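Letter by letter, the chains look like this.
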Amino acid sequence: QVKLVESGGGLVQPGGSLRLSCATSGFTFSIFHMDWYRQAPGQEREWVAAVSPSGALTNYTDSVKGRFTISRDNRANTVYLQMNSLKSEDTAVYFCKATRRWSSYVDMAYWGKGTLVTVSS
């Protein structure tokens, strides 16, 4: 009964902003680190951003640095992606992922089903 449900996607003009949310349930959210990935048509799935369990540490792929901000609310079991100064190349399905170390060789991971972001004028 693990659930990760993305929302907030839609159509936005270049230069605009959008905030994505990923609401989760069925696992201990506060001990998982969270990531956002995206996949554009005909392309490989790309890692976008990550946030540590406490929310204190964040990392981003170079193409979104300075424009996107990942954050989380552990009381709400929700991770967010604030996207500013959007470009057409940001168009993709955006997925959230929850990850926890399981052993020295494998992690436990859960994926959402994605939300579509279209940046177009």
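The structure displayed is predicted, hence computed values, not measured ones.

## Comments concerning the state of the cysteines
- All chains considered together, the criterion is met by one disulfide.
- Paired through a disulfide, Cys-22 and Cys-96 show a sulfur-sulfur distance of 1.9 Å. One disulfide, between Cys-22 and Cys-96, carries an S-S torsion of 45° and so falls in the right-handed class. Residue Cys-22 is found in strand 3 (residues 18-25), and its partner Cys-96 is found in strand 9 (residues 92-101); the two are separated by 74 residues along the sequence.
- Of the residues examined, Cys-22 reaches a relative accessible area of 0% and is grouped as buried.

## Observations regarding the packing of aromatic side chains
- Scanning all chains against the criterion turns up five aromatic pairs.
- Summarising the aromatic geometry, the rings of Tyr-37 and Trp-111 are spaced 4.9 Å apart at their centres and angled 55° between planes, so their arrangement reads as tilted. Residue Tyr-37 is located in strand 4 (residues 33-39), and its partner Trp-111 is located in strand 10 (residues 107-111); the two are separated by 74 residues in the primary sequence.
- Take Tyr-37: its relative accessible area is 16%, and that puts it in the buried class.
- Through a chain of ring-to-ring contacts, three or more aromatic side chains come together here, namely Phe-27, Phe-29, Phe-32 and Tyr-110.
- We note Arg-45 situated over the ring of Trp-111; from NZ or CZ to the ring centre the distance is 5.0 Å.
- Here the guanidinium or amino end of Arg-72 rests over the ring plane of Phe-29, the centre of that ring lying 4.3 Å away.

## Focus: the environment of Ala-56
- Tracing the chain through its elements places Ala-56 in the loop between strand 5 (46-51) and strand 6 (58-60).
- Residue Ala-56 is classed as exposed on the basis of its relative accessible area of 63%.
- A sequence separation of 49 residues divides Ala-56 from Ser-7, and the C-alpha atoms of the two residues are 23 Å apart.

## Considering the environment of Trp-36
- In this fold, Trp-36 is placed in strand 4.
- Given a relative accessible area of 0%, Trp-36 falls into the buried group.

## Some thoughts on the nonpolar core
- Judged by nonpolar contacts, the single largest core of 28 residues is most densely connected at Trp-36, Val-79, Leu-81, Met-83 and Tyr-94.
- Within the residue set of this core, elements represented by two or more residues are strand 3, strand 4, strand 5, strand 7 (68-73), strand 8 (78-83), strand 9 and strand 11 (115-119).
- Ranked by residues supplied to this core, first place goes to strand 9 with four residues.

## Quick word on the sheet that holds strand 3
- Overall, antiparallel pairing links the four strands, which are arranged 1-3-8-7 in an open sheet. Of all strands in the sheet, those with a lone pairing partner are strand 1 (3-7) and strand 7, marking the two edges. Strand-to-strand, the axes of this sheet are offset by a mean angle of 15°, without reference to chain direction.

## Section: a nonpolar patch on the surface
- On the surface, Trp-102, Tyr-105 and Val-106 cluster together to form a nonpolar patch covering roughly 440 Å² of accessible area.
- Relative to the assigned elements, Val-106 resides in the loop between strand 9 and strand 10.

So, how was this worked out
Residues numbered from 1 in each chain as written. Predicted model: local features only at pLDDT ≥ 70, side-chain atom pairs only at ≥ 80, totals over all residues. Heavy atoms only, no water. Disulfide = S-S within 2.5 Å. Helix = DSSP H or I, 4+ residues; strand = E, 2+ residues; numbered from the N terminus. Buried < 20%, exposed > 50% of the residue type's maximum accessible area, 1.4 Å probe, protein only. Phe/Tyr/Trp six-rings, centres within 6.5 Å; stacked < 30°, edge-to-face > 60°. Lys NZ or Arg CZ within 6 Å of the ring centre and 35° of its normal. Core = buried A, V, L, I, M, F, W, Y, C linked by side-chain atoms within 4.5 Å. Pairing = 2+ DSSP bridges. Axes fitted to C-alpha atoms, helices over the stretch in contact; angles between N-to-C directions. Patch = residues over 30% accessible without salt bridge, like charges linked within 9 Å, V, L, I, M, F, W, Y side chains within 5 Å. Areas by Shrake-Rupley, 256 points an atom, 1.4 Å probe, with all protein chains shown as cover. Salt bridge = Lys/Arg side-chain N within 4 Å of Asp/Glu carboxyl O.

What is shown is where atoms sit, not what they do.
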